[in-house]
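Letter by letter, the chains look like this.
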Amino acid sequence: MKKMFFLKQCVKPFLTMIIKFFWLFPIKKNKVLFSAFSARVYGDNPKYIAEKLLEVTTSVECVFVLRQLPKESLIIPSEIKIVKYNTFRYLFELATAKVWVDNTRKQDFVVKRRGQIYIQTWHGALPLKKIERDIESHLNKRYVRAAKRDSKMMNYLLTSSQYGKELFRNCFWYDGLIKVTGSPRLDKLIGNKNGLCKSTMDELGLRPDINYVLYAPTFRDNGDTDVYNLDFDKIVAFLSKKFKGTWKVILKLHPNIRDEHINGGSNVINASLYPDIVDLFSVSKVLITDYSSSMFDFALTKKPVFLLTFDLNSFLKVRKLYFNIRDLPFPVSMNMKEFQDNIISFNNKDYESELGVFFNKLNILEDGGASERIVSIIQKSLNY
């Protein structure tokens, strides 16, 4: 491991040098480079910004960076050029794109030239877990250095609320523009709260006569995955008793641990490699999570959210939260008995009322128009 790290450190100055060599080529004023989760997926905010940009104008060149070429089943507009991560072509596109759009930090060898615009959407507009400078003492020192460097390159940081704007100002090592735009990835969810995503149903083999609960836990800093091995048979039995019908679980692990094997049994459909969690929100009637900010996104549909926090005490020793988890409008369960009780006692009218109070307090802007707002920023950056 040390040898591999040493080799990577030796290569980085060389990669920076290549990017700077490509500065010999002019910036292409209509080119926008997109990346999501460090090029792991075609998804999240960058995907929806790219597709909205293509709706608005045909004179823009959209480039999306991916580590692997997408599956044939993944629908990507033909106008979007796919470039493989960490190739010479990728470095060329970095050096010559007018605008970068990312939802995570860029690699620490990346340099931005004069005249380029870097828009950081981040991947959780309303985080639950403390992030960045707010947990600096727990972060790898190399990451902190890279994050500070990345923040100096940013021109815009986007969020979905006044609360988020204040939070991001304090934790991102950033003193530039923070725009309250909403979350592009949620635009279609807001506009189609009760509709099913047919392509998702088909790809995952889901049936319209079955109810689905999405289980989307976050990762653990210590790498523990045992906590995800729940009694899924009991979970679907509890849901069936309360909400009637046949239930199955859709499992969506965090991108950091998506390749982990979870023994779920016949009642679990593993969708961890499915690129777009918002599609999974659409086909699911209930969300179960722990400390993932997906709870806030899913709750915009007003469908039930339940929190399974079996390791809450040990988790809080490692990772602090922005909210007291018991002050959130979601039932919290420390064990399966509490989970069963919370499902049985769930009252939808009370739940919706508590959601309204919570979101109003934070001054959330999620109205389905986020993509349009950000496209407007990009168009101005492209000097249209």
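Residues numbered from 1 in each chain as written. Predicted model: local features only at pLDDT ≥ 70, side-chain atom pairs only at ≥ 80, totals over all residues. Heavy atoms only, no water.

Re a positive patch on the surface
- Together, Lys165, Arg169, Lys179 and Lys380 line one region of the surface with positive charge.
- Mapped onto the elements of the fold, Lys380 is located in helix 14 (residues 370–381).
- Lys380 gets classed as exposed once you look at its relative accessible area, which sits at 62%. (Patch = residues over 30% accessible without salt bridge, like charges linked within 9 Å, V, L, I, M, F, W, Y side chains within 5 Å. Areas by Shrake-Rupley, 256 points an atom, 1.4 Å probe, with all protein chains shown as cover. Salt bridge = Lys/Arg side-chain N within 4 Å of Asp/Glu carboxyl O. Lys, Arg positive; Asp, Glu negative; His and termini not counted. Charge placed at Lys NZ, Arg CZ, Asp CG, Glu CD. Helix = DSSP H or I, 4+ residues; strand = E, 2+ residues; numbered from the N terminus. Buried < 20%, exposed > 50% of the residue type's maximum accessible area, 1.4 Å probe, protein only.)

Examining the confidence of the model for the chain
- Here the chain shows a mean pLDDT of 90. Residues at 70 or above account for 94%.
- Confidence over residues 1–7 falls short of pLDDT 50; this stretch has one contact with residues more than four positions distant or in other chains. (pLDDT = per-residue confidence, 0-100. Contact = heavy atoms within 4.5 Å.)

Quick look at a nonpolar patch on the surface
- Together, Val11, Phe14 and Met17 line one region of the surface with nonpolar side chains, adding up to about 280 Å² of accessible area.
- Tracing the backbone through its elements, the reader meets Val11 in helix 1 (residues 2–22).

Thoughts on the packing of aromatic side chains
- The full count for this structure, using the stated rule, is 26 aromatic pairs.
- Considering the side-chain rings of Tyr291 and Phe315, the 3.8 Å spacing of their centres and the 15 degrees angle between planes classify their relative orientation as stacked. Pair noted here: Tyr291 is in the loop between strand 11 (286–289) and helix 10 (294–299) and Phe315 is in helix 11 (residues 312–318), with a separation of 24 residues, a long-range link. Each member of the pair, Tyr291 as well as Phe315, is classed as buried.
- Relative to Phe339, the ring of Phe306 lies with its centre 6.0 Å away and its plane at 90 degrees, an arrangement referred to as edge-to-face. Of the two residues, Phe306 is situated in strand 12 (residues 305–308) and Phe339 in helix 12 (residues 336–344); the sequence distance between them amounts to 33 residues.
- In this structure Phe306 comes out as buried when scored by relative accessible area, which is 0%.
- Directly above the aromatic system of Trp100 lies the positively charged group of Lys106, at a separation of 4.9 Å from the ring centroid. (Phe/Tyr/Trp six-rings, centres within 6.5 Å; stacked < 30°, edge-to-face > 60°. Lys NZ or Arg CZ within 6 Å of the ring centre and 35° of its normal.)

Overview of the nonpolar core
- Leu328 and Phe330 are the most contacted members of the largest nonpolar core, which has 101 residues in total.
- Those residues within four positions of Phe330 in sequence are excluded, and the remaining contacts are Met295, Phe296, Ala299, Val305, Leu307, Tyr351 and Leu355.
- Judged by nonpolar contacts, the second largest core, of 27 residues, contains Val41, Leu54, Ile80 and Ile374. (Core = buried A, V, L, I, M, F, W, Y, C linked by side-chain atoms within 4.5 Å.)

Some points on empty space enclosed by the protein
- Summed over the entire model, instances satisfying the criterion amount to three cavities of 30 Å³ or more.
- By volume, the largest cavity amounts to about 70 Å³.
- Ala125, Leu126, Ser160, Ser183, Arg185, Leu186, Phe296, Asp297, Leu300, Phe359, Ile364 and Glu366 together form the lining of the largest cavity.
- In terms of residue class, the lining of the largest cavity is made up of seven nonpolar, two polar and three charged.
- Its boundaries defined by the atoms lining it, the second largest cavity holds a volume of some 60 Å³.
- Looking at side-chain class alone, the lining of the second largest cavity contains five nonpolar, one polar and three charged residues. (1 Å grid on protein atoms, 1.4 Å probe; cavity = no way out; pocket = protein on both sides within 12 Å on 5 of 7 lines; lining within 4 Å. Points joined across faces, edges and corners; volume = space filled by probe spheres on them. Nonpolar A, V, L, I, M, F, W, Y, C, P; charged D, E, K, R; others polar.)

Structural notes on the pattern of salt bridges
- All chains considered together, the criterion is met by 19 salt bridges.
- One salt bridge in this structure joins Glu55 and Lys52, with 3.2 Å as the shortest N-O distance. With Glu55 and Lys52 both in helix 2 (residues 44–56) and three residues apart, the pair spans about one turn of that helix.
- Since its relative accessible area comes to 61%, Glu55 is described here as exposed.
- For Lys52, a relative accessible area of 19% puts it in the buried group.
- Here Glu93 ties to Arg89 by a salt bridge, and the two come within 3.0 Å at their closest N and O atoms. Of this pair, Glu93 and Arg89 both sit in helix 3 (residues 88–96), four residues apart, which is roughly one turn of the helix.
- For Glu93, a relative accessible area of 0% corresponds to the buried category.

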